[in-house]
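In case you want the letters, here they are:
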Amino acid sequence: MAAADTPSATLRHHDLCSRGIRLARKMRSDVTDLLDIYVERQGLDASISVAAVDGVPAAAAECWAEQTGTQRLLDNLAAYRAFRTLLAQMLEEQREQLGDADAELGPALAAVLLQVSAFAYHLEELLELESRGAPAEEGSEPPALPRLSLFEQKLRGLGVLRELAQWAVRSVRDLRQLAKHGPGSGTALGLPESQ
Amino acid sequence: MKCGSMDWDAAVTWTANGTDIDDSHLNGSYLILKKVDLTQSGQYSCYEGSSWHLKYQTYLRVGVPPKEPVLMCRSNNYPKGFYCSWHLPSPTYIPNSFNISVIHGTREMVCEKDIFPKNRCHIRYLQLFSTVKYKVTLTVTNALGKNSTTLTFDEFAIVKPDPPESVVAKPVPNNPRRLEVSWQNPSSWPDPESFPLKFFLRYRPLILDQWQHVELSDGTSHTITDAYAGKEYIIQVAAKDNDIGTWSDWSVAVHATPWTEEPKQLTTEVQITETTSTSTSSFMPPPTTKICDKGAGVGSGAVAVCWTAGLVLAAYGVLFI
């Protein structure tokens, strides 16, 4: 991977990782605030347990330390693309439920959605630098979700935000690992090239 | 207590720790202890009345059922795992056994007991970044009953590093308001490069109660630049993972005093003054004066006073008289 080994590529890689870490940290902080608003506006108990929901990417990872850089980027990108769709759905549902009466939750959701989109783009740039290119989005759309009751929608929303908060922390760690190992550190395992 | 196989109406003597027990506690040959308290623990023996043959002996242990145990779990070596430790709020005076279970979602995890201390075990993380809570239940059992307590927590919430180690504070030469502080990551934190810590430093002069605080997002050193000249300071450092968990306890305190200039030697001035007042014609150099050597440097606090400086001091001495 000659492109990934040049000094300028190394500098750009380091710069992208550093900026990505800052983006992820800011995102986590805003998602934490959004969670507080969401729980309050939706009338939920903050300590309620939410079962894993189909289509919500789980941040939990086994053997996290052994992942290659490329795998980290691909997992992150798939997750944030899914969150982008899920948050857009939540925003739509929130507008249907609360409409113009809500001056807080809607804007907070929209702001986080923007950050998620920006972060996904940032990850695509990192993947480009790894000379792998970002995979096409067609295959990464979450399946169409069944129509849920209002309460089920609220619980799913809580699950989405909680998982997003975990992902933000994981992304900081992933990018730090990426920065530590430098560009082009994820191709040794013979992962398939993107189209 | 029954005296072995002796009949109810047999004449017996009971002793507790070698001391005869009054007959008022007997119902026939049975020993009846009412409102038993801890002081009644001991060896109880029953002897046949006339022959004084030992017919029965037992050790009575008076205890209490266990109260709800106190359980704490913490990760000071993230992301490797966490440990849980426990104790009873008050003694039971009889042997207790402890059983701990750790559940993560549907998975039961192994808590490996430490040899020392005995009231601790540790768990290795099988997953990181999970939103599923951990549920730890500790059950304590003894011959008189059992009790238990349960803790439920997130992976991130229990992360708390050990305090920083090897904290050193030194004065900065020729800087009366500075102190250089350095420290090391706690040795229990396994991967500070991938999971960096941030630090909180606090310092105050011993003569004041108010602490100054500085938060440092990277590095393991800091220079205090606003110390009061000449005052002894007390300094401590705490650590926290950059992104999750809580602050460590404060480190061991270190003391340091900023650099101060060496006071001038007043003995030289006084002697010259006395010499000048008694003698009008001769000038005696003070005994502490040394001839200046161009090659000499200032080392280990030693000061060399040149002949020229001695004459200057002599002049000042005359002025003061």
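Residues numbered from 1 in each chain as written. Chains lettered and ligands numbered in written order. Predicted model: local features only at pLDDT ≥ 70, side-chain atom pairs only at ≥ 80, totals over all residues. Heavy atoms only, no water.

The name recorded for chain B in an unreviewed UniProt entry is Ciliary neurotrophic factor receptor subunit alpha, from Chrysolophus pictus. Checking UniProt for chain B, the heading Subcellular location (unreviewed entry) contains the comment "Cell membrane". The record held by UniProt for chain B lists under Sequence similarities (unreviewed entry) the comment "Belongs to the type I cytokine receptor family. Type 3 subfamily." (UniProt positions renumbered as here; feature names shortened; annotations may be inferred.)

As recorded in an unreviewed UniProt entry, chain A goes by Ciliary neurotrophic factor and comes from Chrysolophus pictus. Per its UniProt entry, chain A bears the Sequence similarities (unreviewed entry) comment "Belongs to the CNTF family."

(A) Looking closely at the interface of chain B and chain A. Each side of the interface is counted separately: chain B has 18 residues, and chain A has 18 residues. With both sides pooled, the region where chain B packs onto chain A buries about 1700 Å², and carbon together with sulfur makes up 50% of that total. Together, Phe 129, Thr 131 and Asp 243 of chain B form the three largest contributors to the area buried by chain B at its contact with chain A, with a combined 40%. Linking chain B to chain A there are six salt bridges. The salt bridge involving Asp 243 of chain B is made with Arg 176 of chain A; its shortest N-O contact spans 3.9 Å. Counting across the chain B and chain A interface gives 11 residue pairs in polar contact (both at pLDDT 80 or more). (Contact = heavy atoms within 4.5 Å. Buried area = accessible area lost by both parts, 1.4 Å probe. Salt bridge = Lys/Arg side-chain N within 4 Å of Asp/Glu carboxyl O. Polar contact = N/O pair within 3.5 Å; in protein donor to acceptor, adjacent residues only side chain to side chain.)

(B) Spotlight on a negative patch on the surface. On the surface, a cluster of negative charge is contributed by Asp 33, Asp 36, Glu 40 and Glu 104 of chain A. Here Asp 36 of chain A shows up in helix α2 (residues 7-41). (Patch = residues over 30% accessible without salt bridge, like charges linked within 9 Å, V, L, I, M, F, W, Y side chains within 5 Å. Areas by Shrake-Rupley, 256 points an atom, 1.4 Å probe, with all protein chains shown as cover. Lys, Arg positive; Asp, Glu negative; His and termini not counted. Charge placed at Lys NZ, Arg CZ, Asp CG, Glu CD. Helix = DSSP H or I, 4+ residues; strand = E, 2+ residues; numbered from the N terminus.)

(C) Region of interest: the pattern of salt bridges. Enumeration over the complete set of coordinates arrives at 19 salt bridges over all chains. Linking Arg 170 of chain A and Asp 174 of chain A is a salt bridge whose minimum nitrogen-to-oxygen distance equals 3.3 Å. Of this pair, Arg 170 of chain A and Asp 174 of chain A both sit in helix α5 (residues 150-181), four residues apart, roughly one helical turn. Each of the two residues, Arg 170 of chain A as well as Asp 174 of chain A, counts as buried. Taking the shortest distance from any N to any O, the salt bridge between Asp 162 of chain B and Arg 74 of chain B comes out at 2.6 Å. Placement of Asp 162 of chain B in the loop between β14 (145-153) and β15 (165-172) and of Arg 74 of chain B in strand β7 (residues 70-74) is noted, with a sequence separation of 88 residues between them. (Buried < 20%, exposed > 50% of the residue type's maximum accessible area, 1.4 Å probe, protein only.)

(D) Structural detail: the side chain of Gln 94 of chain A. Secondary-structure assignment places Gln 94 of chain A in helix α3 (residues 69-98). In this structure Gln 94 of chain A touches Gly 99, Asp 102, Leu 105, Gly 106 and Leu 109 of chain A, once residues within four positions along its chain are discounted.

(E) Structural view of the UniProt feature "domain: Fibronectin type-III" (unreviewed entry) in chain B. Feature annotation in UniProt assigns "domain: Fibronectin type-III" (unreviewed entry) to the following positions: residues 163-263 of chain B. Regarding residues 163-263 of chain B, the helix share stands at 0% and the strand share at 48%, and the terminal C-alpha atoms are separated by 39 Å.

(F) Fine view of the side chain of Arg 74 of chain B. Residue and element names in this part refer to chain B. The exposure class assigned to Arg 74 is buried, which follows from its relative accessible area of 14%. A distance of 3.2 Å separates the side chain of Arg 74 from the backbone oxygen of Pro 161, its partner in a polar contact. Residue contacts for Arg 74: discarding those within four places in its chain leaves Phe 82, Tyr 83, Ile 158, Lys 160, Pro 161 and Asp 162.

(G) Fine view of helix α4 (residues 105-129) of chain A. Between its first and last C-alpha, α4 of chain A extends 36 Å over 25 residues, near the 36 Å set by a 1.5 Å rise per residue. Phi turns positive, to about 65°, at Ser 131 of chain A, one or two residues after α4 of chain A. (Expected span 1.5 Å × (residues − 1).)

(H) Local environment of the nonpolar core. Residues Tyr 80, Phe 83 and Leu 87 of chain A together with Tyr 78, Phe 82 and Ile 235 of chain B are the most contacted members of the largest nonpolar core, which totals 94 residues. Counting 11 residues, the second largest nonpolar core, distinct from the first, contains Cys 3, Ala 10, Ala 16 and Ile 21 of chain B. (Core = buried A, V, L, I, M, F, W, Y, C linked by side-chain atoms within 4.5 Å.)

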